[in-house]
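As a plain string of letters, each chain reads:
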Amino acid sequence: MPKSLAGLATLFTVSGVLHLVRPQVFESIVPKQLPRKRELVHASGVAELACAAMLAAPRTRRVGGLASAALLVAVFPANVQMAVSTRRSRRAPAWFKAGTMLRLPLQWPMIRVALRAAGRA
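Residues numbered from 1 in each chain as written. Predicted model: local features only at pLDDT ≥ 70, side-chain atom pairs only at ≥ 80, totals over all residues. Heavy atoms only, no water.

## Things to note about the environment of Leu71
Here's step 1: Within the secondary structure layout, Leu71 lies in helix α4 (residues 61–88).
Here's step 2: A sequence separation of 49 residues divides Leu71 from Arg22, and the C-alpha atoms of the two residues are 20 Å apart.
Here's step 3: For Leu71, the contacting residues outside a window of four places in its chain are Phe12, Ala47, Glu48 and Cys51. (Helix = DSSP H or I, 4+ residues; strand = E, 2+ residues; numbered from the N terminus. Contact = heavy atoms within 4.5 Å.)

## Re the side chain of His19
Here's step 1: Residue position: His19 is located in helix α1 (residues 3–21).
Here's step 2: Only 3.2 Å separates the side chain of His19 from the side chain of Glu48, close enough to count as a polar contact.
Here's step 3: Non-local contacts of His19, meaning those with residues more than four positions away in its chain, are made with Phe26, Val41, His42, Ser44, Gly45 and Glu48. (Polar contact = N/O pair within 3.5 Å; in protein donor to acceptor, adjacent residues only side chain to side chain.)

## Considering the nonpolar core
Here's step 1: Counting 14 residues, the largest nonpolar core has Leu5, Leu8, Phe12, Leu55 and Leu72 as the members making the most contacts within it.
Here's step 2: Residue contacts for Phe12: discarding those within four places in its chain leaves Glu48, Leu49, Cys51, Ala52, Leu55, Ser68, Leu71 and Leu72. (Core = buried A, V, L, I, M, F, W, Y, C linked by side-chain atoms within 4.5 Å. Buried < 20%, exposed > 50% of the residue type's maximum accessible area, 1.4 Å probe, protein only.)

Written out as structure tokens, the structure is:
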């Protein structure tokens, strides 16, 4: 498995576990228009773990790559919300504010890795 793919699967695993163990951390970044924040956070955590498992197994990698790309697109609004909310916060440290902004363009290389895993890029 290429390092970039292993990295994406690891990222999904860590993030998925965090979504399930500490959902309150992620509830604030669910876009305000969406209801049932806790349930959405749990669902995205389960989806991340499923994507990680599918990426790790060669037999399911193609579907896992497509699902991973779709998931990355689906959670992008939450990442934007986090960047906006953090930027407005007076309590967030500067390094954290910068990190939330810098991670936005990193979604695109992760989507590309996922699509490559699916054999689409």
